[in-house]
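Descriptive structure summary
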Amino acid sequence: MEPLLRFERLSKTIAGHTPRLLFKEIAASVMPSDKIAIVGPSGQGKSTLLRILSLLELHDAGTIYLQEVCSTAWQPKDWRKKVCYVAQQPFMLEGSVEDNLRAVSKLHRSEYDSQAAEELLSKLGLAGIDKSTHAATLSGGEKQRISLIRSLLLRAEIILLDEITASLDHHHKLAVEQVLEEWQAATGAAWIWITHDMEQAARVANQIWVIEDGSLTIHKDTQKFFSTLSLKEGVEE
Ligand SMILES: Nc1ncnc2c1ncn2[C@@H]1O[C@H](COP(=O)(O)OP(=O)(O)OP(=O)(O)O)[C@@H](O)[C@H]1O
């Protein structure tokens, strides 16, 4: 089976007065249905990597392939139909909740799947939401869930999730995980999910990527990764 997404020798330095290397010559591939969690200390480039993989930011060197076709040969719009980035800070488009939910079908001139939208709203605790509400007035947690639903309706093949449950309480966090599990089982989409919550990473991933000190380390044996981690934490306590 060919990888859905693959990158090699990928490097990124943040320009500025004192340029800062985020990562150098990292490589990995994502297969259909892969569930990957990215963990690692703050400020190491996790979000930057996801933005680069969704062509929202430029890398300095290296190559990214989607379905084995180099990113430079893709129209960004076509790429983003297949690779969808869900930002940590949800941003609402102008207009109502309904406008936001319909945005993707409008953009891509595809039919709006109201049944899927209603199901997702209900599963994420938003069944009673007034869809004529101005989206800008929603709470942070509501915006985050609406932004996730809007992204899922795109039916991308790879979903890049950037700390998407950061402003949700435990109950809603688990609801989001459940919805994504069901979505993944039904659509076969792969995800790369940035989280600082190790318990969440253990629940949602069957592969762990650690970004630290400019490198990417891939742990395919998640059980081993978490047992080594708890051993370390035990020693440090
Ligand atoms: N376009 C940019 N211009 C300047 N600095 C940037 C830019 N993008 C990222 N940075 C800086 O690069 C570093 C890495 O940011 P990034 O958000 O990718 O890290 P992260 O590992 O996701 O962090 P966190 O876990 O805290 O979200 C940070 O210090 C950030 O301020």
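First things first, this report covers the structure right here in the doc. (Residues numbered from 1 in each chain as written. Predicted model: local features only at pLDDT ≥ 70, side-chain atom pairs only at ≥ 80, totals over all residues.)

Some remarks on the sheet that holds strand β3 (residues 35–39)
Spatial ordering of the open sheet is given by β6-β7-β8-β3-β9-β10, a layout of 6 strands whose pairing is mixed. Of all strands in the sheet, those bounded by a partner on one side alone are β6 (83–86) and β10 (215–219). Averaged over all pairs of adjacent strands, the angle between strand axes in this sheet comes to 15°, irrespective of strand direction. Pairing geometry for β3 and strand β9 (residues 207–212), over 4 bridges, is parallel. Paired with Ala37 across the strands is Ile208, a residue of β9. (Pairing = 2+ DSSP bridges. Helix = DSSP H or I, 4+ residues; strand = E, 2+ residues; numbered from the N terminus. Axes fitted to C-alpha atoms, helices over the stretch in contact; angles between N-to-C directions.)

What to know about the site of the ligand
Close to the ligand lie Ile14, Leu22, Ser42, Gly43, Gln44, Gly45, Lys46, Ser47 and Thr48, which account for all nearby residues. Broken down by element, the residue count for the shell around the ligand peaks at 3 residues, all from helix α1 (residues 46–53). Here the shell around the ligand is built from residues that sort into 2 nonpolar, 6 polar and 1 charged. (Near = placed C-beta within 6 Å. Nonpolar A, V, L, I, M, F, W, Y, C, P; charged D, E, K, R; others polar.)

Focus on the nonpolar core
Taken as a class, soluble globular proteins show a tendency for nonpolar side chains to be buried jointly. Ranked by internal contacts, the top residues of the largest apolar core, which has 60 residues, are Ile36, Ala37, Ile158, Ile159, Leu160, Trp191 and Trp193. Dropping the residues within four chain positions of it, Ile158 is found in contact with Leu4, Leu5, Val30, Lys82, Val83, Ala189, Ala190 and Trp191. (Core = buried A, V, L, I, M, F, W, Y, C linked by C-beta atoms within 7 Å. Buried ≥ 20, exposed ≤ 12 C-beta atoms within 10 Å, placed from the backbone. Contact = placed C-beta atoms within 7 Å.)

A few points about the sheet that holds strand β4 (residues 61–66)
What the 4 strands build is an open sheet, ordered β2-β1-β4-β5; its pairing is antiparallel. The open sheet has two edge strands, β2 (20–30) and β5 (69–70), and neither has a second partner. Relative to β5, β4 runs antiparallel, the two being bridged by 2 bridges. Paired with Tyr65 across the strands is Cys70, a residue of β5.

Any link to function would need more than the numbers given here.
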